[in-house]
Amino acid sequence: MIQVPFSPSQAALLLDFDGTLVDIAPTPESVRVPDGLTDDLLRLRDMLDGALAIITGRPIAQIDHFLPGIPYAVAGEHGVVVRPAPEQALRERELPVVPAHWVNAAEKTASDHPGASIEHKKAGMVLHYRRAPEAESAFRELTSAWPVESGGFHLQDAQMAIELRPLGIDKGMALQELMAEAPFKGRRPLFVGDDVTDRDGVRAANQMGGAGWLIPDDFPDAATFRRWLHDLSEGRGWGA
Ligand SMILES: O=P(O)(O)OC[C@H]1O[C@H](O[C@H]2O[C@H](CO)[C@@H](O)[C@H](O)[C@H]2O)[C@H](O)[C@@H](O)[C@@H]1O
């Protein structure tokens, strides 16, 4: 079992959502919050004096739906939108809007492949092909024709999806932003995720004197990670 190299009084926990706290599901709406997870997270939030955050690619409203009132802070859309404390106003960056003709072309391609779908975000979109794997090549052909970087965006592979994200925003920046304020400030960040986008969070956590781990490199799967999280919530696996 991974041992956290310091005690709960020194730690802050910043966690990814999909593929980490919940298992990957056929669609974004159909994920299931595992039994016991909210109790574990609430115990950890108490144990860490509030220093529990979710850093996700999803819009914050979706985390409020699946984990209502559970994390102290949430960074959504990979850090585009941040809510640093409960009930606090959302902090949103001014970012380019996805051109309408890209949106329309993506929707048209999805409609040609039943099961494929487009998820719209404040500054970006996700082209999902989990339920229509044959749509992947059509999505790749379409997106590779767009002048993505000069439009202020970046294309990133995700889990059975291609994500158009704003350039220069990532989970590492989100982690640094949250760690600059109470109750995170002065603590050492622990970050766990499972996807390409989570590598920035791992890097930032290590750079700030904390630690970061990835599924499946460090935990074989999300269920194993959640058992570890449960142990942490009961006081096991912490250093002095
Ligand atoms: O940063 P995360 O919390 O891991 O969010 C990453 C993306 O997760 C969602 O898509 C992925 O999970 C879906 C549910 O399991 C799955 O159906 C889909 O194939 C995956 O790509 C979400 O829809 C995206 O907005 C997030 O960026």
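Residues numbered from 1 in each chain as written. Predicted model: local features only at pLDDT ≥ 70, side-chain atom pairs only at ≥ 80, totals over all residues.

**Things to note about the overall build of the protein**
Then, number 1: Helix and strand counts for the protein stand at seven helices and eleven strands.
Then, number 2: Considering only C-alpha atoms, the protein reaches an extent of 55 × 35 × 30 Å along its principal axes.
Then, number 3: Residues counted as buried form 42% of the 240 residues belonging to the protein.
Then, number 4: Considering only intrachain contacts with a sequence separation of at least 6, the fraction spanning at least 24 residues in the protein is 58%. (Helix = DSSP H or I, 4+ residues; strand = E, 2+ residues; numbered from the N terminus. Buried ≥ 20, exposed ≤ 12 C-beta atoms within 10 Å, placed from the backbone. Contact = placed C-beta atoms within 7 Å.)

**With respect to the sheet that holds strand 6 (residues 117–121)**
Then, number 1: As summarised here, the arrangement of the four strands in space is 6-7-9-8, forming an open sheet in which the pairing is antiparallel. Each having just a single partner strand, strand 6 and strand 8 (153–158) make up the two edges of the open sheet. In this sheet, adjacent strand axes meet at a mean angle of 15° when their direction is disregarded.
Then, number 2: Where strand 6 lies against strand 7 (residues 124–128), five bridges are found, and the strand directions are antiparallel. Along strand 7, the bridge assignment pairs Ser117 with His128. (Pairing = 2+ DSSP bridges. Axes fitted to C-alpha atoms, helices over the stretch in contact; angles between N-to-C directions.)

**Considerations on the site of the ligand**
Then, number 1: If you check the shell around the ligand, you find 24 residues, and the closest are Phe17, Asp18, Pro28, Thr56 and Gly57.
Then, number 2: If you list the elements that add at least two residues to the shell around the ligand, you get strand 7 and strand 9 (161–166).
Then, number 3: Among the residues forming the shell around the ligand, the class breakdown is ten nonpolar, seven polar and seven charged.
Then, number 4: Shared between two domains, the shell around the ligand takes at least three residues from each, and those domains are domain 1 (8–92 + 169–233) and domain 2 (100–166). (Near = placed C-beta within 6 Å. Nonpolar A, V, L, I, M, F, W, Y, C, P; charged D, E, K, R; others polar. Domains from an automatic or database assignment.)

**What about the domain arrangement of the protein?**
As a measure of interface size, the accessible area lost when the parts come together is often cited.
Then, number 1: In terms of domain boundaries, the protein breaks down into domain 1 (8–92 + 169–233) and domain 2 (100–166).
Then, number 2: Computed over C-alpha atoms only, the centres of domain 1 and domain 2 are separated by 25 Å.
Then, number 3: Taken together, the 15 residues of domain 1 in the interface contact 14 residues of domain 2.
Then, number 4: Class assignment of the residues belonging to the side of domain 1 that touches domain 2 gives a composition of eight nonpolar, four polar and three charged.

**Notes on the nonpolar core**
Then, number 1: Ranked by internal contacts, the top residues of the largest apolar core, which has 49 residues, are Ala12, Leu13, Leu14, Ala53, Leu175 and Leu178.
Then, number 2: In terms of nonpolar packing, the next biggest core, distinct from the first, is built from ten residues, Ala106, Ala116, Leu127 and Ala161 among them. (Core = buried A, V, L, I, M, F, W, Y, C linked by C-beta atoms within 7 Å.)

**Describing the pairing of strand 10 (residues 188–193)**
Then, number 1: With five of its six residues buried, strand 10 lies for the most part within the structure.
Then, number 2: Of the pairings in the sheet, the one linking strand 10 to strand 11 (residues 211–214) comprises four bridges and is parallel in character. Note that in strand 11 the partner of Gly193 across the bridge is Leu214.
Then, number 3: The handedness of the strand 10 to strand 11 crossover, carried by helix 6 (residues 198–207), is right-handed. (Right-handed = clockwise from strand over helix to strand, strands pointing away.)

**Some remarks on the packing of helix 5 (residues 171–179) against helix 6**
Then, number 1: Between helix 5 and helix 6, the shortest axis-to-axis distance is 6 Å and the interhelical angle comes to 45°. With respect to helix 6, the axis of helix 5 lies oblique. Across from Lys171, Gly172, Leu175 and Gln176 in helix 5, the residues of helix 6 making contact are Asp198, Asp200, Gly201, Arg203, Ala204 and Ala205.
Then, number 2: By residue class, the composition of the contact of helix 5 with helix 6 is three nonpolar, three polar and four charged. (Parallel < 35°, antiparallel > 145°, perpendicular 65-115°, else oblique.)

**Comments concerning the sheet that holds strand 4 (residues 81–83)**
Then, number 1: Ordered in space as 5-4-3-2-1-10-11, the seven strands form an open sheet in which the pairing is mixed. Sheet topology places strand 5 (91–92) and strand 11 at the edges, where each strand pairs with a single neighbour.
Then, number 2: Examined bridge by bridge, strand 3 (residues 73–76) and strand 4 share three bridges and lie antiparallel to one another. Counterpart to Gly76 in the pairing with strand 4 is Val81.
Then, number 3: Contacting strand 1 (11–15), strand 2 (52–55), strand 3, strand 4 and strand 10, helix 5 crosses the sheet at an angle of about 155° to strand 2.

**Points about the packing of helix 1 (residues 37–47) against helix 7 (residues 222–233)**
Then, number 1: Orientation of helix 1 relative to helix 7, taken along the N-to-C sense of each, is 45°, at an axis distance of 9 Å. As the angle between them shows, helix 1 and helix 7 are arranged oblique. The way helix 1 lies across helix 7 gives a crossing that is left-handed. Facing Leu37, Asp40, Arg43 and Leu44 of helix 1, the residues of helix 7 in contact are Arg226, Leu229, His230, Leu232 and Ser233.
Then, number 2: Across the contact of helix 1 with helix 7, the residue classes break down as four nonpolar, two polar and three charged. (Left-handed = near helix turned anticlockwise from the far one by under 90°.)

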